[in-house]
Structures are given as structure tokens and as C-alpha cells.
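Structural overview for review
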Amino acid sequence: MHTKQDVVNELLRDQPWQDTAAAVTAFAPSNIALAKYWGKRNSQLNLPCNASLSIALADRGAHATVSVASSPSLTLNGETLSLATPHAQRLLQFMRLFGGPRQIEYAVSLSVNIPFAAGLASSACIFASLVLALVEYHGWQLPLTHVSILARLGSGSACRSLYPGFAVWQAGTRDDGMDSYATPLETRWPQLAIGLHLIDTGVKAVSSREGMQRTVETSPLYAAWPDAANQTVTALQQAIASRQFARMGQLAEHNALCMHATMLSAWPPLSYATEHTLQAMRTVWRLRDDGLPVYFTQDAGPNIKLLCQRQDIAMIEPHFPHIQWVFPFTHTARGN
Ligand code: PMV
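Residues numbered from 1 in each chain as written. Predicted model: local features only at pLDDT ≥ 70, side-chain atom pairs only at ≥ 80, totals over all residues. Heavy atoms only, no water.

Spatial ordering of the open sheet is given by β11-β12-β10-β13, a layout of four strands whose pairing is antiparallel. Every interior strand has two partners, whereas the edge strands, β11 (295-298) and β13 (324-326), have only one. Along the sheet, successive strands turn relative to each other by an average axial angle of 30°, direction set aside. Relative to strand β12 (residues 304-309), β11 is paired through four bridges, and the arrangement is antiparallel. Bridging across to β12, Tyr295 finds its partner in Leu307. Each of β10 (192-197), β11 and β12 touches helix α7 (residues 245-264); the most contacted strand, β11, lies at about 35° to it. Running at roughly 155° to β11, helix α8 (residues 275-289) makes contact with β10, β11 and β12 of the sheet. (Pairing = 2+ DSSP bridges. Helix = DSSP H or I, 4+ residues; strand = E, 2+ residues; numbered from the N terminus. Axes fitted to C-alpha atoms, helices over the stretch in contact; angles between N-to-C directions. Contact = heavy atoms within 4.5 Å.)

Following this line, the structure appears as C-alpha cells:
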């Protein structure tokens, strides 16, 4: 059985451990999966049962600043975190994997511009930004596939958060996970818009880790999920390469609904939706019936992310008054 530490030691075996005097800051975007990662074949190494495909949220994500310190410390958006909380412990344990031969401790400062632990992939951008900062701090010369593997050890979806635009995480088959990493897709799609319809940004009651495990262990529908999700990843890649928006939207929405169906059929049953989530879904379906090409996806939280094209925003916006738009392929504000 391979441990996270085995993987880190293997990948960093011949790497330098520079201690540059100044702290280093790195950014990683949050990412939203259009074909979801749901279910682990190895929960220690975050190895998935299926491939997944995501899109990065441009400048929404995390900045991580790291430096070597005499004792560990953690700040989140300017506030010092108690190291005793479960979230802090998880980050601390992750950083300890990178202690190296001298058992280095780190001062970590995170600045995250999306709600925390609310199904908006905050853990993905946090762990990815931490690894990018460590790579730069120590001067490691690593291929991005290896950086992706290191980020996966923090949170599965973090392996997709290294790239702008679309990324595919191949599930891999090896026990040590050395073939389970994300790579970017070339296609740029400037017309694409993602709407964040935030229903509840509080910390979710059931973590995705716990939700996945419960689903894999108890849902009779789960057996159908890995193959279906893998096929969706292939179909999405084709839809993206040929910029077929409706095809992409349909594949993404259907994949999210299938994932949530596996959760509903778990025991005890699991649903991240609130009545506002269902209302938003119905609004999307109604707009589509009226001829508007708009689709949604939903992760392990009640919030809905709309997928549409920039030219349709004006027609969609009145139905989602507080929606926040992200343009994955242009960092400029709408209309520029
Ligand atoms: O990486 P985790 O453990 O936070 O799991 C992410 C799970 C989903 O967001 C529901 C799906 C995905 O692929 O991002």
C-alpha cells in the first residue's frame, strides 16, 4: 500500500530544497467539473474511479504564500486560523508531506476569492496554489503532470486546478497513482460564460470525501457511474474541440444529474440541493423550453453554475438577479 509520503518522496527524490529568503506567492484558479469526479478507488491517494473534465474559473481561486518558519502557522483571508480546526489540520498535514529531509515547517497565508467549502472547489484551488508555491519556493524542476499528482494528494479535484481553460484528469490504473493526473485541453472558447448562482455559501454538512464514500458503498446505482462518466469525458472532448455548445451543455448537465442520482440512492440518502436549487434548475429548464441555450451543473453543495454563451447573458440575467459571471477565456469584465 502506497502512502502520500511515498509518492511525495518518489517525485521529489532528486529535487533541490532551496530556502529562498523571501516568501513566494502562487495563484491557482478554482475549477468546475463538466464531467465529475465521484468515487475513489483509493481514498488514501485520492485515486478516482473515473476520468473527469473541468473548466477553470479564470481569476476566481486562491493565492497561497509560503515560507519556511520555526513553527507552522496559517492565515486565511487575513485571519489567523486556529491550528486545531479540522480544516487547518488537513492543510497542516498536507504541508508536512513537504517537510523534506530537514522536517521543515511552513508559514502559509491563503487568500481565497470564492466561498470556502461550499461546493465551489475552494479546496481544489487551495491545494493547487500551495503546491505551485512550494515548487517555486524550493526551485523544484517538475513536469506539470508531477505537480498535478502532488496537488491531487491534497484534494482530488486540485489536480485539475493548475491550468487555465479546460483540463482532463485521467483516472489511471496504477496502484501508486503515477498515471492519475490532469492535462490541459488546447481549445479556447472566448464566448463561453459561467454564471455562479450562489444559493448558500455556508460550509456544507457532508464533505465530498464522505459523500463519495457513502455513495460508493451503498448506492445500487453507483455501478453504472464510472463507465458512463468516462464516456461523457470522451464525448465532451469532442463537443469542446468542435465548439458545439448545446452538446457540451447537455452532456455536463446530464452528468451532474446522474451524479446526484447516485447520491439520492445512497443510504442514508444524500442530497445537496435545497428548494432554491430545485427552483433554479426548473428555471433553466423553462428557459431552454423557450429556446435559450443555457445549462447548469451542481457540485457537492446547493449552488448552481450556469453554462451559457456571452450573447445570451442579457436574456438569462433577469431570472438570476444576483448571479456572478465568470469568463473562463477572458479575464476582462463583461462587455470589454
Ligand atoms: O476534490 P474533492 O474531494 O473536493 O471532490 C470534488 C467533487 C466534485 O466537486 C463534486 C466533483 C468534481 O469533479 O469536482
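Having seen the structure, we can now continue with the description.
In this section: the site of the ligand. Every one of the 13 residues lining the ligand counts as a neighbour, but Tyr37, Ser155, Ser157, Arg160 and Ser208 are closest to it. A distance of 2.6 Å separates an oxygen atom of the ligand from a polar side-chain atom of Ser157. Contact with the protein chains removes 91% of the 380 Å² of surface that the ligand exposes when unbound. Residues of the shell around the ligand, tallied by class, amount to five nonpolar, five polar and three charged. (Near = heavy atom within 4 Å. Polar contact = N/O pair within 3.5 Å; in protein donor to acceptor, adjacent residues only side chain to side chain. Areas by Shrake-Rupley, 256 points an atom, 1.4 Å probe, with all protein chains shown as cover. Nonpolar A, V, L, I, M, F, W, Y, C, P; charged D, E, K, R; others polar.)

Let's shift gears to the pairing of strand β8 (residues 166-169). With burial as the criterion, each face of β8 is covered, one bearing Phe166 and Val168 and the other bearing Ala167 and Trp169. Strand direction decides the pairing type here: strand β4 (residues 52-69) and β8, joined by four bridges, are antiparallel. The residue bridging Ile55 from the neighbouring strand is Phe166, located in β8. Sheet topology note: the β8/strand β9 (residues 182-184) ladder contains three bridges and is antiparallel. Across the sheet, the residue bridging to Val168 is Thr183, located in β9. (Buried < 20%, exposed > 50% of the residue type's maximum accessible area, 1.4 Å probe, protein only.)

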